[in-house]
Amino acid sequence: SRRVVGTSFTISTLVGVAMSIVLIFGGPAMLKLFIGDGSDAVETFDLSLSYVRVRGLGAAPTLLCMVAQAACIGAKDSISPLRAVMVQAVFNIVLDILFVGPLKTGVTGAAIATAISQLAGAIYLMACVDGRLCELEKEMEVYDGGNILPGADDKADKEVSLYKSVTGLFAWPTRKEALKFTQFAGPLFLISFGRSYTWYVCTP
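First, a word on what this report is: a plain description of the structure on this page. It should be emphasised that the depicted structure is a prediction, and the values quoted were computed from it without experimental measurement. (Residues numbered from 1 in each chain as written. Predicted model: local features only at pLDDT ≥ 70, side-chain atom pairs only at ≥ 80, totals over all residues. Heavy atoms only, no water.)

1. Topic: the overall build of the protein
- Across its full length, the protein carries seven helices and zero strands.
- In the protein, the succession of helices and strands from N to C terminus is α-α-α-α-α-α-α.
- Relative to its 204 residues, the protein shows a buried fraction of 28%.
- Long-range contacts, defined as pairs at least 24 residues apart, comprise 76% of the intrachain contacts of the protein with a sequence gap of at least 6.
- Just so you have it, the protein exposes about 13100 Å², and 69% of that area is on carbon and sulfur atoms. (Helix = DSSP H or I, 4+ residues; strand = E, 2+ residues; numbered from the N terminus. Buried < 20%, exposed > 50% of the residue type's maximum accessible area, 1.4 Å probe, protein only. Contact = heavy atoms within 4.5 Å. Areas by Shrake-Rupley, 256 points an atom, 1.4 Å probe, with all protein chains shown as cover.)

Written as structure tokens, this is what we have:
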């Protein structure tokens, strides 16, 4: 379980960093593609670009949050994701008031508040996932004396050792694991992007 979560966290972080780079450096071109070149778009372009770039920095925490939520639900913990939403809401409200109000940072401040709130939510959920994994590992050791697959052959023993070697929340995926993830997530990404782009194109 820990290795599955660890590889998912690592891949989501790498994808998030890649998304941040794309949004920061490719933000102008992408904005023009989505909002067009009308008079209203020209007037709000700089504000929109500032918001997109700041939010782009929060891509990795956002994806980590999504993966951690899935891990919690998979571990039959539906309370932690709910609490994480509350944590994010509190951070977002307080920081929005601070940045937009006294600090007068406007749209950029609102984007910073949202990015920080998502980072807080990700940290909280990752702590919850780590705690739940520790509980499951203790239960597993009590159940089978620490031997996950008793009597397994050499190949299976190597796989077990690979899974046992992970002690943190991040693990570098093998080529097989990365390929499996790409085969599963690739089509979902294309569907999500296509749906979003179609919605923006069709919306006046």
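2. Details of the packing of aromatic side chains
- A full pass over the atoms with the stated rule returns one aromatic pair.
- Where Phe-9 meets Phe-170, the ring centres are 5.9 Å apart and the plane angle is 45°; that geometry is what we call tilted. Residue Phe-9 is found in helix 1 (residues 2-35), and its partner Phe-170 is found in the loop between helix 6 (154-164) and helix 7 (175-202); the two are separated by 161 residues along the sequence. (Phe/Tyr/Trp six-rings, centres within 6.5 Å; stacked < 30°, edge-to-face > 60°.)

3. Concerning the packing of helix 2 (residues 39-57) against helix 3 (residues 59-74)
- For the pair helix 2 and helix 3, the least separation of the axes is 4 Å and the interaxial angle reads 50°. When the interaxial angle is binned, helix 2 and helix 3 end up oblique. Contact with helix 2, carried on its side by Arg-55, Gly-56 and Leu-57, involves Ala-59, Pro-61 and Thr-62 of helix 3 and no other residues of that element.
- Split into classes, the residues belonging to the contact of helix 2 with helix 3 amount to three nonpolar, two polar and one charged. (Axes fitted to C-alpha atoms, helices over the stretch in contact; angles between N-to-C directions. Parallel < 35°, antiparallel > 145°, perpendicular 65-115°, else oblique. Nonpolar A, V, L, I, M, F, W, Y, C, P; charged D, E, K, R; others polar.)

4. Overview of the nonpolar core
- If you look at the biggest cluster of nonpolar residues, it comprises 14 residues, and the most contacted ones within it are Val-5, Phe-9, Leu-125, Val-129 and Leu-169.
- If you list the elements that add at least two residues to this core, you get helix 1, helix 3 and helix 5 (106-144).
- Val-129 has contacts with Val-5, Ala-68, Ala-71, Cys-72 and Leu-169, leaving out every residue within four places of it along the chain. (Core = buried A, V, L, I, M, F, W, Y, C linked by side-chain atoms within 4.5 Å.)

5. Description of helix 1
- Helix length check: helix 1 (34 residues) gives 42 Å between terminal C-alpha atoms against 50 Å at 1.5 Å per residue, more than 12% under.
- Along helix 1, the largest kink reaches about 75° and is centred on Gly-26; proline Pro-28 follows within four residues of it. (Expected span 1.5 Å × (residues − 1). Bend = angle between axes of the 7 residues up to and from the residue.)

6. Some thoughts on the pattern of salt bridges
- According to the stated counting rule, one finds three salt bridges in the structure shown.
- When the shortest N-O distance is used, the salt bridge between Arg-3 and Glu-177 registers 3.0 Å. Residue Arg-3 is located in helix 1, and its partner Glu-177 is located in helix 7; the two are separated by 174 residues in the primary sequence.
- Among the ionic pairs, Glu-135 bridges to Arg-132, the shortest N-O distance being 3.0 Å. One end of the pair, Glu-135, and the other, Arg-132, are both in helix 5, three residues apart, so they sit about a helical turn from each other.
- The class of Glu-135 is partly exposed, set by a relative accessible area of 44%. (Salt bridge = Lys/Arg side-chain N within 4 Å of Asp/Glu carboxyl O.)

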